[in-house]
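An overview of the molecular structure
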Amino acid sequence: MSDDVTIVLLLPEVLGTYGDAGNASVLAARLRWRGIPARVHTVGWTDAVPADGDVYVLGGGEDAAQVLAADRLRDSIGLHSALARGAPTLAVCAGLQVLGTAFTIADGTRIAGLGALDVETRPGGGPRRIGDVVADPLVDGLDGPLEGFENHGGITELGPDAAPLARLRDPARGPAAGGNGTGDRLEGAVSAGGIIATYLHGPVLARNPALADLLLARAVGELPPLTLPDGVPPTTAQRLLGGRRSRHELRTGARRRAGA
Amino acid sequence: MISGGPTRLPPRARAAVAVARLVGGAARRAGRHGSVIGGRVATMLDRRVLARLAAGRTVVLVTGTNGKTTTTSMIARVLGGAGRRVATNHLGANMPDGITTALLDALSNHEGAPVAVMEVDESYLDVVAAATDPAVVVLLNFSRDQLDRVGEVRTVARRVGEVVAAHPRARVVAFADDVLCAGAGLRAADPVWVSSPSLWTGDAGVCPRCDGAVTHAGVRWACSSCGLARPDGDWTLVEQDTAGTVHGPGGSATALDLQLPGHANRLNAAFALAVGIELGVDPAVAAARLRDLEQVGGRYRTVTRPGGTTRLLLAKNPAGWAQVLDLLDEGPPRPVVVAVNSREADGRDVSWLWDVPFERLARHPLVAAGDRAGDLSVRLAYAGIGHRLADDPVAATRDTLGAVDLVGNYTAFHDATRALT
Ligand SMILES: [Zn+2]
């Protein structure tokens, strides 16, 4: 069992909106489909974070949950040592903000993050950005566009030690809309270490198998070819293997509403 | 106790009601918007028409994420019977226009309906409660449902709590096992608690009172910082296999013998019993009335077709699916057709599919259908569940011999219901 590749899923009780815990299942399944034993190690509220995980996964959460998560993880020796050695890590939405240097919540309180990713987030003030988006990646190892569902209100500024993950298409949504909210359509952030952070839900790895495989390749090296189990319809198999969806299936509806 | 009956309408309201009936009748004959248009017109003519129509009635409002329609139907049945008529929005139109329309219908069908039982969309509870001065407010549960549409579930639950606090005369009947629901119910001075083992704790990690961390141990839950904990149930559902007994205050025990299947319906019935008995209905009489209920707006309805039968089930979010999975576990491994859409009424985002443990369907032959069949299929593949794809869920059931379950989210369910009627 100790030889299994371990996907560490952090605090899904509080960082688990939008099915983001599914990102961990996707990673484990894509290893198993390649004949590599893998398991998901779920870190619950009272559990210690293992330092020797192979990939770490953080999801989104509502404001109060995000503050709880930051308080809980800030002094975690296990997580800090994993991040310090550059363990491949996916952080979505609230997870992105928690790994940053700080974030400011609606009442104006500035909360310290883990400082593992050079970003800081402040309230956007405007309407929440809600809807499906498509973005062109800005990092090596990804070719086709990324897609996902965003729903957040903050503005995330990248510092010198972070680089954007992608740039949104669909400028019709307005200069300040979408992505990190900084007006340049930049989406997400990556660290020089192992962190890939994004606002995309879906879960993002279910909708972007290439991104899942990028994280896995960083964890285990070159990936053997993938063999799907029986009972998967051919069009679905195409998506699981990384084939792009047909154009009409990509919904880019730019629906925005005033946030709650 | 149930009060006398509706008060006589003032002239302006009577005029509004008369016009609304004309328009509503025409719309209904044309088959369009019949469940809301009358109320919309009446409200345009008289902004206080909902309050005037509710005046003098004993009003029961039912809100929560899942089970509103079924529980409303059950409560209406428990409070009805014995010649007493009950106004209710059984078409599921649960926003103010729909509720006004239902009261208009009650006025035309039987002027005297002294009781109104209405399901209310969580986001409109404040408006409807302010207009109707409810005698009872039922809080079923709060979980994530279309987050992109109605806002974060904690915000929704907090607003409901504020409505509860603003109506001290209303008797609040709330679900003790649901953390957010209990948080809202505790805003009442003396809530009545319904309890049963809860199956969905996905939105229960953060305390509704102090934002601390909530920990769960079995069906118990408690906040580790402020001490908020699960209240003891006044009405507790105890289940043995598929039989349920509701234990009430003073050692009373009422056996349920429902035709509606599954744990969720036994819990809904526990709410209906509690409300009925609070309002003076004899427990045995209430239980007998619940026994007669076979389907609710097409939910749980079984349709006979060439070669077999199709049972229609609604599940529109993870908590609803948890209930449907329980129900499917109770029976033999029948084929299941799952239909998922993402139209306006469904919420456009389907990431909630990843919060549903579809792994539990491993023993059922499975078909993925609906507008978002592709996303569902990806989810099922990652769950390790073999399945096939179909364009049309109803056609897929017709392809299958024997008994089939068709589970749809909101518009998928209603499309299937229409196609099978
Ligand atoms: Zn608390």
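The structure presented is a predicted model; accordingly, all values stated were derived computationally and were not measured.

**Some words on the sheet that holds strand E14 (residues 336-339) of chain B**
Residues and elements named next belong to chain B. Strand order across the open sheet formed by six strands is E12-E13-E17-E14-E15-E16, with mixed pairing between neighbours. Each edge of the sheet is formed by a strand with only one pairing partner; in this case those strands are strand E12 (302-305) and strand E16 (388-389). Of the strand pairs in this sheet, E14 and strand E15 (residues 366-369) are connected by four bridges, and their pairing is parallel. Considered in E15, the bridge of alanine 339 is made with alanine 369.

**Quick notes on the packing of helix H4 (residues 68-79) of chain B against helix H10 (residues 263-278) of chain B**
Residue and element names in this part refer to chain B. Between H4 and H10, the least distance of the axes is 9 Å, while the angle of their chain directions is 40°. Our classification of the angle between H4 and H10 gives oblique. The element H4 and its partner H10 pack so that their crossing is right-handed. Facing Thr70, Thr71, Met74, Ile75, Val78 and Leu79 of H4, the residues of H10 in contact are Asn265, Asn268, Ala269, Phe271, Ala272, Val275 and Gly276.

**Describing helix H3 (residues 77-84) of chain A**
Residues and elements named next belong to chain A. Taken together, the buried positions of H3 are Gly78, Leu79, Ala82 and Leu83. Taken down its axis, H3 places every buried residue within 125° of arc, on the same side. In H3, the exposed residues that point more than 90 degrees away from the buried face are Ile77 and Ala84. Once H3 finishes, glycine 86 follows within two positions and takes phi at roughly 80°, a positive value.

**Quick notes on the domain arrangement of chain A**
We note that the domain assignment places domain 1 (5-224) and domain 2 (228-260) within chain A. The distance between the C-alpha centroids of domain 1 of chain A and domain 2 of chain A comes to 20 Å.

**Some remarks on a nonpolar patch on the surface**
All names here are of chain B. Judged by side-chain polarity, Val19, Leu22, Val23, Met44 and Leu45 come together as a nonpolar surface patch covering roughly 470 Å² of accessible area. Listed by contribution, the elements that provide at least two residues to the nonpolar patch are helix H1 (11-29) and helix H2 (37-45). Counting through the fold element by element, valine 23 comes out in helix H1. Judged by its relative accessible area of 32%, valine 23 falls in the partly exposed class.

**Regarding the nonpolar core**
All names here are of chain B. Core analysis: the biggest nonpolar cluster contains 197 residues, and Val60, Val138 and Trp321 have the highest contact counts within it. The biggest single contributor to this core is H10, with eight residues. Excluding its chain neighbours within four sequence positions, the residues that come into contact with valine 60 are Ile75, Leu79, Ala116, Val117, Met118, Val136, Val138, Val275 and Leu279.

Rules of the game
- Residues numbered from 1 in each chain as written.
- Chains lettered and ligands numbered in written order.
- Predicted model: local features only at pLDDT ≥ 70, side-chain atom pairs only at ≥ 80, totals over all residues.
- Heavy atoms only, no water.
- Pairing = 2+ DSSP bridges.
- Helix = DSSP H or I, 4+ residues; strand = E, 2+ residues; numbered from the N terminus.
- Axes fitted to C-alpha atoms, helices over the stretch in contact; angles between N-to-C directions.
- Parallel < 35°, antiparallel > 145°, perpendicular 65-115°, else oblique.
- Left-handed = near helix turned anticlockwise from the far one by under 90°.
- Contact = heavy atoms within 4.5 Å.
- Buried < 20%, exposed > 50% of the residue type's maximum accessible area, 1.4 Å probe, protein only.
- Arc of directions from axis to C-beta.
- Domains from an automatic or database assignment.
- Patch = residues over 30% accessible without salt bridge, like charges linked within 9 Å, V, L, I, M, F, W, Y side chains within 5 Å.
- Areas by Shrake-Rupley, 256 points an atom, 1.4 Å probe, with all protein chains shown as cover.
- Salt bridge = Lys/Arg side-chain N within 4 Å of Asp/Glu carboxyl O.
- Core = buried A, V, L, I, M, F, W, Y, C linked by side-chain atoms within 4.5 Å.

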